[in-house]
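Descriptive structure summary
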Amino acid sequence: MSSRTPTECVELALDDGADEERRAGAIRELKTANECDELAALARTERIADRYRRQALEALATSQCDSALRGLVEEEGLEEPLQQTATELLATVDGD
């Protein structure tokens, strides 16, 4: 496990100069630490590639983060197809 703080993980995930593996790893660290608010913020961030936003959404599909995922779905603040992905992920969490 890394010794990065949640803020450092978010900064790394947003860093266009970092390689894909490090950025994806930072998002995984946020998931491991149940940093739901940070993951939701990444999913809302339009300035990063959709693949990272989607990874953040997928990381929210846990019983610990389902309320943050539900908030994203209910606010309808994501553009398609990310909004559809969020809705589908929420359905899988609700079905558990």
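Refer to the structure above for everything that follows.
Each neighbour pair has its own omega, and for glutamate 80 with proline 81 the value is 5°, a cis peptide bond. Its place among the elements puts proline 81 in the loop between helix H5 (66-75) and helix H6 (82-94). Backbone geometry places asparagine 34, a non-glycine residue, at a positive phi of 55°. Structurally, asparagine 34 can be placed in the loop between helix H2 (20-32) and helix H3 (36-44). Judged by relative accessible area, asparagine 34 falls into the partly exposed class, the value being 37%.

This paragraph deals with the state of the cysteines. With the rule as written, the count across this model stands at 1 disulfide. What pairs with cysteine 36 in a disulfide is cysteine 65, and their sulfur atoms sit 2.0 Å apart. Between cysteine 36 and cysteine 65, the S-S dihedral sits near -75°, and the bridge is therefore left-handed. Pair noted here: cysteine 36 is in helix H3 and cysteine 65 is in the loop between helix H4 (50-60) and H5, with a separation of 29 residues, a long-range link. Cysteine 9 forms no disulfide, and the closest cysteine sulfur to it belongs to cysteine 65, at a distance of 14 Å. Judged by relative accessible area, which is 2%, cysteine 9 ranks as buried.

Cut-offs applied
- Residues numbered from 1 in each chain as written.
- Predicted model: local features only at pLDDT ≥ 70, side-chain atom pairs only at ≥ 80, totals over all residues.
- Heavy atoms only, no water.
- Helix = DSSP H or I, 4+ residues; strand = E, 2+ residues; numbered from the N terminus.
- Buried < 20%, exposed > 50% of the residue type's maximum accessible area, 1.4 Å probe, protein only.
- Disulfide = S-S within 2.5 Å.

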